[in-house]
Amino acid sequence: YARKNGVYLKGCSDGQISRCYFGYSGLNNGLALESSSAMVRDCEAAFNRTDGFNIHGVSTADFIGCISHDNGDDGLSHHDQSGGMVISGSYYRNVKAGIASPTFGSRNDIVGTFVYENGTGIYAVSSKDGVYPMCTVSGCLIRDNGIGIKTQRYVLDCWNNVFTGN
């Protein structure tokens, strides 16, 4: 029930965040990282006004076994020159996207996640021309979203995914 971000880390390195709940932020995100590196494991973000998990700046943030749902924008959103792995976990009932990673220049690999009932399952869009980042989406179940994957100005390698009801 934080007024802005539930937790905001800026300029941190080698953070280890596990088994935390980030919920009901009034104005922003559940967990926000800026110019930081962190391993986020088995955490949940829910009912935040914007993103459940939000990453900006030159950051490396890996999410393993996390859950993000019922957020006002994205379940998980990497921006700028951030990157990292999204391994397993569930991202559902988020207004804009379950996973908006990669986006706006970030580079990510998404493996073995369950993404369902979002506006868009996986949102990979950059507004910048130039060298398009390459990212992978593999072994995911992407079900019952308004759009399964939306991509623009990205190279996505997708394999062994199941798409249904999008």
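Residues numbered from 1 in each chain as written. Predicted model: local features only at pLDDT ≥ 70, side-chain atom pairs only at ≥ 80, totals over all residues. Heavy atoms only, no water.

> Is there a simple way to think about the nonpolar core in this case?
Side chains of nonpolar character tend, in soluble globular proteins, to be buried together. Within the largest apolar cluster, 23 residues are counted, with the highest numbers of intra-cluster contacts made by Val40, Phe53, Phe63, Leu76 and Ile99. When residues of this core are traced back to their parent elements, those giving at least two are β4 (31-34), β5 (37-41), β7 (53-56) and β8 (60-64). (Core = buried A, V, L, I, M, F, W, Y, C linked by side-chain atoms within 4.5 Å. Buried < 20%, exposed > 50% of the residue type's maximum accessible area, 1.4 Å probe, protein only. Helix = DSSP H or I, 4+ residues; strand = E, 2+ residues; numbered from the N terminus.)

> Looking at this model, I keep getting lost on unusual backbone geometry. Mind explaining?
Most peptide bonds take the trans form, and the phi angle of most residues other than glycine is negative. The peptide bond linking Ser101 to Pro102 adopts the cis configuration, its omega dihedral lying at 20 degrees. Summarising the element assignment, Pro102 is placed in the loop between β13 (97-100) and β14 (107-111). For Ser88, which is not a glycine, the phi torsion comes out positive at approximately 55 degrees. Counting through the fold element by element, Ser88 comes out in the loop between β11 (83-87) and β12 (90-92). One non-glycine residue, Arg153, lies in positive phi territory at about 60 degrees. Locating Arg153 in the fold gives a position in the loop between β19 (147-152) and β20 (155-159).

> Sorry if this is basic, but what is going on with the state of the cysteines here?
What is meant by a disulfide is a covalent connection between two cysteines, made through their sulfur atoms. Here the structure, examined in full by the defined rule, presents zero disulfides. Left without a disulfide partner, Cys43 is nearest to the cysteine sulfur of Cys20, which lies 4.6 Å away. Left without a disulfide partner, Cys66 is nearest to the cysteine sulfur of Cys43, which lies 5.0 Å away. (Disulfide = S-S within 2.5 Å.)

> Is there a simple way to think about the side chain of Ser68 in this case?
Among the secondary structure elements, Ser68 is positioned in strand β9 (residues 67-69). At a separation of 3.0 Å, a polar atom in the side chain of Ser68 contacts the side chain of Asn71. If sequence neighbours within four positions are ignored, Ser68 has contacts with Ala45, Gly52, Phe53, Gly75, Ser90, Tyr91, Tyr92 and Asn94. (Polar contact = N/O pair within 3.5 Å; in protein donor to acceptor, adjacent residues only side chain to side chain. Contact = heavy atoms within 4.5 Å.)

> What exactly am I supposed to notice about the environment of Gly23 here?
With respect to the helices and strands, Gly23 occurs in strand β3 (residues 21-23). Given the relative accessible area of 13%, Gly23 is considered buried. Once the C-alpha coordinates of Gly23 and Glu44 are considered, the two residues, 21 residues apart in sequence, prove to be 8.0 Å apart. Apart from the residues within four sequence positions on either side, Gly23 is in contact with Tyr1, Ala46 and Asn48.

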